[in-house]
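# Geometric and topological summary
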Amino acid sequence: MAYDLQEQESIDELKAWWDKWGNFTLGAVTVVCLAFAGYNGMKWYDRHQAQEASKAYASLQTAISQQAETTSVSHIVDALIDDAGGTVYAPMGALSASKYFESKGDSAKAQTLLNWVINESGHQEYQTVARVRLAGLLMDSKKFDEAVALLTAAQPTEKQIALVNDRLGDAYFAKGDIENARKVWMQAVAHPVDPSLMGFVQLKLQALPEVAAQEPKAEEAAQ
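Residues numbered from 1 in each chain as written. Predicted model: local features only at pLDDT ≥ 70, side-chain atom pairs only at ≥ 80, totals over all residues. Heavy atoms only, no water.

### Description of the overall build of the protein chain
Along the protein chain, the regular secondary structure elements total ten helices and zero strands. For the protein chain, the α and β elements follow one another from N to C terminus as α-α-α-α-α-α-α-α-α-α. Across the 223 residues that make up the protein chain, the buried fraction comes to 32%. Contacts in the protein chain between residues far apart in sequence, at least 24 positions, make up 51% of those at least 6 positions apart. By element, 56% of the accessible surface of the protein chain is carried by carbon and sulfur atoms, the whole surface being about 14300 Å². (Helix = DSSP H or I, 4+ residues; strand = E, 2+ residues; numbered from the N terminus. Buried < 20%, exposed > 50% of the residue type's maximum accessible area, 1.4 Å probe, protein only. Contact = heavy atoms within 4.5 Å. Areas by Shrake-Rupley, 256 points an atom, 1.4 Å probe, with all protein chains shown as cover.)

### Structural notes on the packing of helix α4 (residues 107-120) against helix α5 (residues 124-140)
Running from N to C, α4 and α5 cross one another at 150°; their axes reach a closest spacing of 8 Å. The angle between α4 and α5 places the two elements in the roughly antiparallel class. Like other packed secondary-structure pairs, α4 and α5 cross with a definite hand, here left-handed. Residues S107, A110, Q111, L114, N115, V117 and I118 of α4 touch α5, and the partners they reach there are Y126, Q127, A130, R131, R133, L134, L137 and L138. (Axes fitted to C-alpha atoms, helices over the stretch in contact; angles between N-to-C directions. Parallel < 35°, antiparallel > 145°, perpendicular 65-115°, else oblique. Left-handed = near helix turned anticlockwise from the far one by under 90°.)

### Quick notes on the nonpolar core
Among the nonpolar cores identified, the biggest contains 49 residues, and L60, V73, F101, L113 and V201 are the most heavily contacted of them. Here this core gets seven residues from one element, more than from any other, and that element is α5. Discounting residues that sit within four places of it in the chain, L60 has contacts with V73, I76, V77, L80 and G93. (Core = buried A, V, L, I, M, F, W, Y, C linked by side-chain atoms within 4.5 Å.)

### Considering the packing of aromatic side chains
Counted under the stated rule, the structure contains three aromatic pairs. Ring geometry for Y100 and F101: centres 5.2 Å apart, planes at 75°, overall edge-to-face. Overall, Y100 belongs to the buried group, its relative accessible area being 3%. Ring plane angle 35° and centroid distance 6.2 Å describe the contact between F173 and W185, whose orientation is recorded as tilted. With F173 in helix α7 (residues 161-174) and W185 in helix α8 (residues 178-189), the pair connects residues that are twelve residues apart, well separated along the chain. (Phe/Tyr/Trp six-rings, centres within 6.5 Å; stacked < 30°, edge-to-face > 60°.)

### Concerning the pattern of salt bridges
As enumerated under the stated definition, the model contains seven salt bridges in all. The partner of D145 in a salt bridge is K175, and the shortest N-O contact between them spans 2.6 Å. Of this pair, D145 sits in helix α6 (residues 144-152) while K175 sits in the loop between α7 and α8, and the two are 30 residues apart along the sequence. Note that E179 is salt-bridged to R182, the shortest N-O span being 3.5 Å. Of this pair, E179 and R182 both sit in helix α8, separated by three residues, roughly a single helical turn. One salt-bridge network, in which partners are shared between bridges, spans D166, R167, D170 and K204. (Salt bridge = Lys/Arg side-chain N within 4 Å of Asp/Glu carboxyl O.)

### Some thoughts on α5
Count 3.6 residues to each turn of an α-helix, and residues three or four apart come out pointing the same way. The terminal C-alpha atoms of α5 lie 24 Å apart, and with 17 residues this matches the ideal 24 Å at 1.5 Å per residue to within 8%. Where α5 terminates, the next one or two residues include K142, which has phi positive at roughly 65°. (Expected span 1.5 Å × (residues − 1).)

### Focus: unusual backbone geometry
If you check the backbone angles, Q67 has positive phi at about 55° while not being a glycine. Among the structural elements, Q67 can be located in the loop between α1 (5-65) and α2 (70-84). Unusually for a residue other than glycine, K142 sits at a positive phi of about 65°. Structurally, K142 is set in the loop between α5 and α6.

### Thoughts on α4
Look at α4: 19 Å from first C-alpha to last across 14 residues, which is about the 20 Å you get at 1.5 Å a residue. Three or more residues of α4 are buried, namely K109, A110, Q111, L113, L114, W116, V117 and I118. Buried residues belonging to α4 abut α2, α3 (89-103), α5 and α6. Immediately downstream of α4, the backbone of G122 shows phi near 75°, a positive value.

### Describing the packing of α2 against α4
The relative placement of two packed helices comes down to the angle between their axes together with the axis-to-axis distance. Where α2 meets α4, the closest approach of the two axes is 12 Å, and the angle between their N-to-C directions is 15°. One finds that α2 runs roughly parallel with respect to α4. Seen from above, α2 lies across α4 with left-handed handedness. Two secondary-structure elements touch here, α2 through S74, V77, D78 and I81 and α4 through K109, L113 and W116.

So, in structure tokens, the structure goes:
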């Protein structure tokens, strides 16, 4: 096909542009396509992992509700953590399983799971719940200072402040620190969430001994 002079010039300009920028353009298009494919692939992988984690979590709940052997429950929860530790189902499962193992008298396994939630799960709300639960186990072992340190390092949500301060007050009271127990229980009452919990905290506050009256200073006694 014959081209007139203007068309030929346009073709020559297009060829020259392509010679200069063609490879770069193809490369850029390829990168965009690969990024899009990778993004879709990651979304698919996340959905697939979440689905598998959901199934594993359901299996764990079934095993717990049916009071399966501890070895079976341990295998399921360990697999859930190993295979889907980045999903929300892992800390949820670990908290459920820790309660199960605690009921079976296996405090060591319960503490291992709670420590994983605190240190590895990356879900702050569940980390706070795990701290409260683990503090209770530490107090059972008379490790009151460790329980206090664990709870004072918590970063609770607004709705969890009362829960943390309630358990922290228990730890202070257990170690004989009445004033700090009073202080954090009063802070718990200042953030009411659960009426039943607040009722227990109020009872604890009422049961505390009154603050001892201060001895008069020497010069005051002399007057």
